[in-house]
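Spelled out, the chains give:
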Amino acid sequence: MTEITLPRPDDWHLHLRDGAMLKGILPESTHHFGRAIVMPNLVPPVVTAEDAAAYRARIMAALPAGARFTPLMTLYLTETTDPADLRAAAESGLVSAVKLYPAGATTNSASGVRDFDKVRGVLEVMAEIGLPLCVHGEVVSPEVDIFDREAVFIETVLDPIRRATPGLRVVMEHITTKDGVDYARSQDETLGATITTHHLIINRNHILVGGIKPHYYCLPVAKREHHRLALREAATSGEARFFLGTDSAPHIDALKEHACGCAGCFTATNTMQLLAHVFEEDGKLANLEAFASRNGPAFYRLPVNSDTLTLIKTGTPAQWPAKIETGAGPVTVFDPGFPVYWHVK
Ligand code: DOR
Ligand code: ZN
């Protein structure tokens, strides 16, 4: 097959930032995607319904002319989140999910949750109204090795939360391990899992062998090869519980190429071309539609997009800019390290 047409894909985990960065990188997502779950980890974070409405208005104002793109807003869960505000935000349709960052786990997560008992009331409201909880699944205890953070989180935090709050709908965000794949598969349909583009392509060697590669550093950090292979098998399986969340997370080059470099890979520009390559390589091109266009809307109880995106394979490698020049500074586009012959029509 050299051409494939999908219902327009969506991105179920995206960082759009704010200000000049938002303006500069938003077209990279609106070119290919119909909707995105927009992460709330701004400084300060998007915590209340009022914050989410204001951020949504700034995104709408930054849309390129003619773009048809719907930002799906999220609230950042804190230990003082007001369940009544959250309920009203969900019931009005303003908010599509709530994001749980364990405090200190990643970029701008300082306001996240330390004591999970303090958010029990909010989680019970969410279970009642069916509002999904998007979870950054890493423990942050210094004694846990960074490569084990996800597996330990599943056992010591995620599973207990889900047992304590029956019916709570949860998305395991950007899973990076076979442990994540296996746990998602062992649970009922209240649990979904997103997988990024870059975690299908790189393992931890790509970050560290032959010199440190800051543009491959993200959180959760890429793991061993057998984990990457488990993610590939899950993403390409077509199973309803697995769907695309790019976690495309722009930082300017000066902050990536730095003594204390920021976490994040920027994949909005070339995700669809890369996914076509990956799915074809695994003989699963027919399941790209499930992963990128159908499973996410089904989990979020939204219709599949009615328009389409066509990918074409040619004999010429696809080209994309090495960097996106934003008003905030240049952002390096994820480099898979191999030629890709799939183009978006
Ligand atoms: O790599 C990451 N970057 N992981 C996250 O969880 C946050 C994100 C960001 O906001 O830069
Ligand atoms: Zn993220």
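From a predicted model like this one, the values you see are computed outputs, not experimental measurements. (Residues numbered from 1 in each chain as written. Chains lettered and ligands numbered in written order. Predicted model: local features only at pLDDT ≥ 70, side-chain atom pairs only at ≥ 80, totals over all residues. Heavy atoms only, no water.)

**Some remarks on the side chain of Thr194**
- Here Thr194 lies in strand 8 (residues 191-195).
- At 2.8 Å, the side chain of Thr194 forms a polar contact with the backbone nitrogen of His174.
- With residues near it in sequence (within four places) discarded, Thr194 still touches Trp12, Val171, Met172, Glu173, His174, Ile175, Phe243, Leu244 and Gly245. (Helix = DSSP H or I, 4+ residues; strand = E, 2+ residues; numbered from the N terminus. Polar contact = N/O pair within 3.5 Å; in protein donor to acceptor, adjacent residues only side chain to side chain. Contact = heavy atoms within 4.5 Å.)

**Quick word on the coordination of the zinc ion (ligand 2)**
- For the zinc ion (ligand 2), the full set of protein donor atoms is His13 (NE2), His15 (NE2) and Asp247 (OD), at a range of 2.0 to 2.1 Å.
- On the primary sequence, the residues serving as donors to the zinc ion (ligand 2) are separated as H-x1-H-x231-D. (Donors = N, O, S within 2.8 Å, 3.2 Å for Na, K, Ca; no water.)

**Notes on the UniProt feature "binding site: Zn(2+) 1" (unreviewed entry) in the chain**
- What UniProt calls "binding site: Zn(2+) 1" (unreviewed entry) maps, in this numbering, to His13, His15, Lys99 and Asp247. The annotated residues occupy 235 residues of the chain but converge on a single region, no pair of C-alpha atoms lying more than 13.1 Å apart.
- By the element assignment, His13 lies in strand 2 (residues 11-14).
- Residue His13 is classed as buried on the basis of its relative accessible area, which comes to 1%.
- Discounting residues that sit within four places of it in the chain, His13 has contacts with Ile37, Met39, Lys99, Glu173, His174, Gly245, Thr246, Asp247 and Ser248.
- In this structure the side chain of His13 is engaged in a polar contact, spanning 3.3 Å, whose partner is the side chain of His15.
- If sequence neighbours within four positions are ignored, His15 has contacts with Ile25, Met39, Asn41, Tyr101, Asp247, Ser248, Ala249 and Pro250. (UniProt positions renumbered as here; feature names shortened; annotations may be inferred. Buried < 20%, exposed > 50% of the residue type's maximum accessible area, 1.4 Å probe, protein only.)

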